[in-house]
Amino acid sequence: LPFEEVERLVRLSWWRAAQALIARSHQAKLDLTAPVRRATSEVKREADILLKWLDPRFANPEPTPMAARWAQNTTATMVAARFAPRWDAPGANLAVFSTERGKGHVDRQRTSEKIASLLHVNISDSRVEAEITAEQGSVRKRYTLSLDLFDEVVPEK
């Protein structure tokens, strides 16, 4: 069997089939260490995440205000928000890393797509609201931003 099939057996939790296959691999002098370790670590990671969801505070985190900075001129208003309670405090890291081209780096395109899928923004004529739920370390946080505006605005689409 190809390595992908061994990984599939482990991911499906077909333990006896995987054990029998590994026993046969020893006779055939085929080393399945890498795919088995890769699949078991993935299964363990998923199981750990599932256990975290048993905690109601992880499943439904309390709101944490986002740090925000505001700038404006006569034609535009800019709001910069950080997924942290203070601007200089550690916050959620939503970066998506890649090892394309042989070295690790932040994949800006995939990071942008991930944030766009998680971030909910609502701009009304008198209020700006934003919310994102993300993990910070081993804790999930729900960051919120709520700005009441002095006068009516026209939200730009």
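Heads up: these notes are all about the structure in this document. Just so it is clear, the model here is predicted, and its values are computed rather than measured.

Considering the sheet that holds strand β1 (residues 63-65)
The mixed open sheet is built from four strands, whose spatial order is β1-β8-β7-β6. Each having just a single partner strand, β1 and β6 (120-123) make up the two edges of the open sheet. Adjacent strand axes in the sheet meet at a mean angle of 25°, parallel and antiparallel pairs treated alike. Of the pairings in the sheet, the one linking β1 to strand β8 (residues 139-148) comprises three bridges and is parallel in character. Its bridge partner lying in β8, T64 is registered against Y143.

Some details on the nonpolar core
M66, F83, A92, L94, V128, A130, I132, A134, Y143, L145, L147 and L149 form the largest nonpolar core, which has twelve residues in total. At the level of secondary structure, the elements contributing two or more residues to this core comprise β7 (127-136) and β8. For this core, the element with the most residues is β7, which contributes four residues. Listed in part, the eight residues of the second largest apolar core include L9, A18, V36 and A39.

Focus: the pairing of strand β3 (residues 77-82)
As defined by bridge partners, strand β2 (residues 67-72) adjoins β3 across six bridges and the pair is classed as antiparallel. The partner of Q72 across the bridge, within β3, is T77. Joining the antiparallel neighbours β2 and β3 is a turn of four residues.

Some words on the pattern of salt bridges
One pass over the structure, following the stated rule, counts twelve salt bridges. Of the charged contacts in the structure, one is a salt bridge between R11 and E42, with a shortest N-O distance of 2.9 Å. One end of the pair, R11, is in helix α1 (residues 3-11); the other, E42, is in helix α3 (residues 33-52), and 31 residues separate them in sequence. Since its relative accessible area comes to 36%, R11 is described here as partly exposed. With its nearest N and O atoms 2.8 Å apart, the salt bridge here joins R127 to E129. The exposure class of R127 is partly exposed, given its relative accessible area of 27%. Salt bridges here are not isolated pairs; linked through shared partners, they connect E7, R11, R38 and E42.

About the cut-offs
- Residue indices follow the written sequence of each chain, beginning from 1 at its first position.
- For a predicted model such as this one, the threshold for reporting local features is a pLDDT of at least 70, and the threshold for listing and counting side-chain atom pairs is 80 or more; totals across whole chains, interfaces and linings nevertheless cover every residue.
- Only heavy atoms go into the side-chain values, all of them from the structure, while hydrogens and water stay out.
- Strand pairing is assigned whenever DSSP detects at least two bridges linking the two strands.
- Comment: elements are numbered from the N terminus, with helices defined as DSSP H or I runs of at least four residues and strands as E runs of at least two.
- A fitted line through C-alpha atoms represents every axis, and for helices the fit uses only the stretch in contact; the resulting angles, taken between N-to-C directions, go from 0 to 180 degrees.
- In these notes, a set of buried Ala, Val, Leu, Ile, Met, Phe, Trp, Tyr and Cys residues joined through side-chain atoms within 4.5 Å is what counts as a nonpolar core.
- The buried label goes to any residue with under 20% of its type's maximum accessible area, the exposed label to any with over 50%, and the partly exposed label to all in between, with areas taken from a 1.4 Å probe on protein chains only.
- By definition, a salt bridge exists where a carboxyl oxygen of Asp or Glu is found within 4 Å of a side-chain nitrogen of Lys or Arg.

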